[in-house]
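Summary of the model geometry
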Amino acid sequence: MTIMTIILVLMVMAALWASMTSILLRATIALALASATLAVVMYSLGATLAAVLELSVCAGLISVVFVSVISLTQRTPFKDMLKQRRDRLARYWPLPLVLVAGGVALSFVHAPVRIVLPLPGGDGDVRTVMWTLRQLDLFGQILVLLAGVFGVLVLFRKEGKDGA
Amino acid sequence: MALEFPHSFWLYFIFFALLFVDGLWCMLATRNLLRVLIGLEILMKSVTFFLIVAGYLSGRMALAQAIVITVIVIEVVVVVAAAGIILGFFRTTDSLNVKNAREMKG
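Remember, it's a predicted structure, so these values are computed and weren't measured experimentally. (Residues numbered from 1 in each chain as written. Chains lettered and ligands numbered in written order. Predicted model: local features only at pLDDT ≥ 70, side-chain atom pairs only at ≥ 80, totals over all residues.)

**Notes on the overall build of chain B**
- Within chain B one finds three helices and one strand.
- Along the chain direction, N to C, the helices and strands of chain B fall in the order β-α-α-α.
- Since a compact globule built from 106 residues should have a radius of gyration of about 13 Å, the 18 Å found for chain B marks it as more spread out than a globular shape.
- When burial is assessed residue by residue, chain B has 48% of its 106 residues classed as buried.
- Considering only intrachain contacts with a sequence separation of at least 6, the fraction spanning at least 24 residues in chain B is 48%. (Helix = DSSP H or I, 4+ residues; strand = E, 2+ residues; numbered from the N terminus. Rg over C-alpha atoms; globule rule 2.2 N^0.38 Å. Buried ≥ 20, exposed ≤ 12 C-beta atoms within 10 Å, placed from the backbone. Contact = placed C-beta atoms within 7 Å.)

**Here we look at the overall build of chain A**
- What chain A contains, in helices and strands, is seven helices and one strand.
- Ordered by position from N to C terminus, the α and β elements of chain A give α-α-α-α-α-β-α-α.
- Residue burial in chain A is summarised as follows: out of 164 residues, 22% are buried.
- For chain A, restricting intrachain contacts to residue pairs at least 6 apart in sequence, the fraction spanning at least 24 positions comes to 50%.

**Things to note about the confidence of the model for chain A**
- Residues at a pLDDT of 70 or more form 85% of chain A, whose mean pLDDT is 82.
- Across chain A, element-level confidence peaks in helix α2 (residues 24–45) of chain A with a mean pLDDT of 94 and bottoms out in strand β1 (residues 114–116) of chain A with 64. (pLDDT = per-residue confidence, 0-100.)

**As for α2 of chain A**
- Along its 22 residues, α2 of chain A runs 31 Å from first to last C-alpha, staying within 8% of the 32 Å computed at 1.5 Å per residue.
- Downstream of α2 of chain A by one or two residues, Gly-46 of chain A has phi in the positive range, about 105 degrees. (Expected span 1.5 Å × (residues − 1).)

What follows is the structure, given as structure tokens:
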């Protein structure tokens, strides 16, 4: 078993923990852990810039957003929490079994993979690709960011005197 | 251009599939809106992972990274906007249960 396989197993286990735990704060921490392991995988595959962005944004910023939202919601009463845990267990217990069985079954299958890649030309530096070939993507990203900021301002605005 | 991918493709594909199933299950099996968002995040992670693997195996890592950076930016905006909507929903219904959305007027 290589180091890469161990990291990939850790990533799936962190994602499984995020979906199975009954406490939302732990789920957020598990999600950040999955992001961090994904960043390690990206870095070892050579995607250094994407790895840095994944680590800083997905493991950092998104975790902060999740924690903020959790802190702004109320605590569940203890009696309801116990009931929710039982309900969750009933819905989620097959998930680890499905993942383990699926992983073992797929590891025994070695399907021949032939994929046609229509992209011509060689691959350059990521900065060259971003600033020359994918300029429209950058404009799209700026527009999406502005739309996000505008959406958040609308969603978090306080009501006026007339309730509007 | 047809490429015969090496054995490592299958290893990466297995972990992509496991992450994808995990995220999908997390989204479908819960009634908590925040957990739906966590499931969406896991799904996005599986797609990001597969894009990087595709770039690695096809030798076009720069293009894959450019696309992944776009995906991450959009992911952040989606999460922040969804978090705002979830908070608004909580203030209205005092609950995060997705079942209560059926009783909304809008």
